[in-house]
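Summary of structural features
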Amino acid sequence: MAVSPFRRFAVSVSSRRNAAPLLALSIVAAAAMLSACSKQEPLPEPVRAVKLVTVGEGAIEAAQEYSGDVRAKVESRLGFRVAGKITKREVELGQHVKAGQVLARLDARDYQLSADAARAQLSSATTQRDLADANARRFRTLRAQNFISAAEMERYEANLKAAQASLDQAKAQLSSQSNQENYTQLLADADGVVTSVDAEPGQVVAAGTPVVRIALDGARDAVFNVPEDRRSAIKPGQAVKVRPWSDESRLIDAQVREVAASADAATRTYLIKAALQGTDLPALGSTVQVIPAGMGAGKEAVGAQVIKLPTTALRQEGDKGQGTAVWLYDAASGSVKLQPVQVGAADGNEAVIASGLQPGMQVVATGVHVLTPGQKVTVYRDKYAKPAQNSQPNQPQAQTGGAQAAPETEAKAQPAAAVEAGK
């Protein structure tokens, strides 16, 4: 069947109307795909202003201090020389005692009975000896008149010697039992202060068990512990300074008299005893700070020349296997790079650098956590700071032997390094 021209025109117009929206959608999709495939230009890194420090050598100022306490040079742990039950304690903790003073008592009834038995044995032995002596004298007269034989006389002499030996044995036994009875009283050996009570009345103790501890009057020591790496730096006879915790302005002279030969099993530290000198010494048990002479914050002595940096200049790179590092400033390129360093010790609020830096290098002092290797930086200057003489643009001025905390204020000289720009 033939199609009329009018119908063919209507179909053509309808097709064009449906194709227009499809063409528009195709163009938008193609533009989106082209936009997704194209690479966007990365944003440039910001140029940050940094505060610099010029590396220089300075003297160790902080001294090594150890916490300790004051103890008596001689401290005795006293105990009974015999076993028994404690019936009474005569002293209290912290009490001052005199030599020969009774400290505690044991139940002495059993020892008294033993002493009474020894006295009875002594009486019996004395009687036997007296009888043997009388017989010997009588038979010596008969022997002189030849009424008895020599052998008979020797028998009576032997009986006398045996009786005398029994008497001597009984005397020794009585003396021993008397001592045992006396040992039921615990006496102070010398004047001192009771620093510990280790047993109470009613407790049964063995011979030698510590009951009372006494710190004897006289010389006193400052006792402290040092780690293994510091033991070799402390020798007997070395001078130390002792500062009481209750009076930090006071320093007491002392001298090391004893260095432990082995480390403590629990703390792995070595015990050091320093004899305090002078009068009016701190009370027993007082807390003190001990400062060995010639020992600084690390292995260097006070006054030794080392490289120091503020702790804000250090960056931890442990997750990257680099350890501790600092940012070095390259004036030619105006950028920074990481420089691994080894920290030897701390000197107050500064770190002593053992290796990795040389005097004259310029190091970023603050804001190290926001920098990246090769990043461009500028030296920040305070607009209110006075310009330094002979300065060059964008070049920080080094100060030998000191550091400036902030350019707007005058700071005390610090031997760590010289801060080059404002905060």
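Residues numbered from 1 in each chain as written. Predicted model: local features only at pLDDT ≥ 70, side-chain atom pairs only at ≥ 80, totals over all residues. Heavy atoms only, no water.

**So, the pairing of strand S12 (residues 210–216)**
Two strands pair when backbone bridges link them, and strand S5 (residues 75–79) and S12 are joined in this way by 5 bridges, in the antiparallel orientation. When the sheet's bridge partners are listed, Glu-75 is paired in S12 with Ala-215. Strand direction decides the pairing type here: strand S10 (residues 192–197) and S12, joined by 5 bridges, are antiparallel. Opposite Ser-196, over in S12, you have Arg-213 as the bridge partner. (Pairing = 2+ DSSP bridges. Helix = DSSP H or I, 4+ residues; strand = E, 2+ residues; numbered from the N terminus.)

**So, the confidence of the model for the protein**
Of all residues in the protein, 75% have pLDDT values of 70 or greater, and the mean over the chain is 80. Summarising per-element confidence for the protein, the mean pLDDT is lowest in strand S26 (residues 417–419) (37) and highest in strand S8 (residues 102–106) (96). Contacts from residues 390–423, a stretch scored under 50 in pLDDT, to residues over four places away or in other chains number 83 contacts. (pLDDT = per-residue confidence, 0-100. Contact = heavy atoms within 4.5 Å.)

**Focus: helix H2 (residues 109–144)**
Helical geometry: 3.6 residues make up each α-helical turn, so side chains three or four residues apart lie on a common side. Given a rise of 1.5 Å per residue, 36 residues ought to cover 52 Å, and the 53 Å separating the end C-alpha atoms of H2 matches this to within 8%. Among the residues of H2, those classed as buried are Tyr-111, Ala-115, Ala-118, Leu-122, Ala-125, Ala-132, Asn-135, Ala-136 and Phe-139. In the core, the buried residues of H2 are packed alongside helix H3 (150–182). (Expected span 1.5 Å × (residues − 1). Buried < 20%, exposed > 50% of the residue type's maximum accessible area, 1.4 Å probe, protein only.)

**Focus on H3**
Taking 1.5 Å of rise per residue, 33 residues should cover 48 Å, and H3 covers 48 Å from first to last C-alpha, within 8% of that figure. Within the span of H3, buried status applies to Met-153, Tyr-156, Leu-160, Ala-163, Leu-167, Ala-170, Leu-174 and Gln-177. Looking at the buried positions of H3, the neighbouring elements they touch are H2.

**What to know about the sheet that holds S5**
Reading across the sheet, the 4 strands line up as S5-S12-S10-S7 and stay open at both edges, with antiparallel pairing between neighbours. Each edge of the open sheet is held by one strand with a lone partner, namely S5 and strand S7 (96–97).

**Some details on the sheet that holds strand S17 (residues 287–292)**
Strands sit in the order S4-S13-S16-S15-S14-S17 around a closed barrel of 6 strands; the barrel is antiparallel. Going from strand to strand, the sheet's axes swing by 45° on average, the running direction of each strand aside. Bridging between strand S4 (residues 66–72) and strand S13 (residues 220–226) involves 5 bridges; their strand directions are antiparallel. Opposite Asp-69, over in S13, you have Val-223 as the bridge partner. (Axes fitted to C-alpha atoms, helices over the stretch in contact; angles between N-to-C directions.)

**Some points on the environment of His-96**
Structurally, the position occupied by His-96 is in strand S7. On the basis of relative accessibility, which here comes to 39%, the residue His-96 falls in the partly exposed class. Taking the C-alpha atoms as reference, His-96 lies 5.7 Å from Gly-192; in sequence the two are 96 residues apart. Once you skip the residues sitting within four places of it in the chain, His-96 turns out to touch Gln-101, Asp-191, Gly-192, Val-193 and Asp-217.

**Topic: the packing of aromatic side chains**
Per the counting criterion, the structure on display carries 2 aromatic pairs. Between Tyr-66 and Phe-224, the aromatic rings sit 5.9 Å apart at their centres with planes inclined by 25°, giving stacked as the arrangement. On the criterion of sequence distance, the pair formed by Tyr-66 in strand S4 and Phe-224 in strand S13 is long-range, its members being 158 residues apart. Phe-224 shares its class with Tyr-66; the two are buried. Taking the centre distance of 3.8 Å and the plane angle of 15° together, the rings of Phe-139 and Tyr-156 count as stacked. Of this pair, Phe-139 sits in helix H2 while Tyr-156 sits in helix H3, placing them 17 residues apart in sequence. The exposure class assigned to Phe-139 is buried, which follows from its relative accessible area of 15%. (Phe/Tyr/Trp six-rings, centres within 6.5 Å; stacked < 30°, edge-to-face > 60°.)

**Re the nonpolar core**
In terms of nonpolar packing, the biggest core is built from 20 residues, with Phe-224, Val-242 and Leu-276 touching the most fellow members. Where this core is concerned, the elements lending two or more residues are S4, S13, strand S14 (239–244), strand S15 (252–259), strand S16 (270–276) and S17. Those residues in contact with Val-242, other than ones at most four positions away along the chain, are Ala-222, Arg-250, Leu-251, Ile-252, Ala-254, Leu-276, Val-288, Gln-289 and Val-290. Counting 18 residues, the second largest nonpolar core, distinct from the first, contains Leu-78, Val-194, Ala-199 and Val-211. (Core = buried A, V, L, I, M, F, W, Y, C linked by side-chain atoms within 4.5 Å.)

**Here we look at the side chain of Thr-324**
Mapped onto the elements of the fold, Thr-324 is located in strand S20 (residues 323–330). Note on Thr-324: relative accessible area 15%, which makes it buried. In this structure the side chain of Thr-324 is engaged in a polar contact, spanning 3.3 Å, whose partner is the side chain of Gln-316. Beyond its immediate sequence surroundings of up to four residues, Thr-324 is in contact with Leu-314, Arg-315, Gln-316, Gln-339, Pro-340, Val-341 and Val-343. (Polar contact = N/O pair within 3.5 Å; in protein donor to acceptor, adjacent residues only side chain to side chain.)

**Quick word on the pattern of salt bridges**
Applying the stated criterion across every chain, the model contains 16 salt bridges. When the shortest N-O distance is used, the salt bridge between Arg-109 and Asp-107 registers 2.8 Å. Here Arg-109 falls in the exposed class, since its relative accessible area comes to 58%. Residues joined in a network through salt bridges with shared partners are Lys-88, Glu-90 and Arg-105. (Salt bridge = Lys/Arg side-chain N within 4 Å of Asp/Glu carboxyl O.)

**Some words on the side chain of Thr-184**
Relative to the assigned elements, Thr-184 resides in the loop between H3 and strand S9 (185–187). Thr-184 sits in the buried class, given a relative accessible area of 4%. Engagement of the side chain of Thr-184 in a polar contact is seen with the backbone oxygen of Glu-181, the distance being 2.5 Å. The contact partners of Thr-184, leaving out residues within four places of it in the chain, are Phe-80, Val-82, Ala-104, Arg-105, Leu-106, Ala-108 and Tyr-111.

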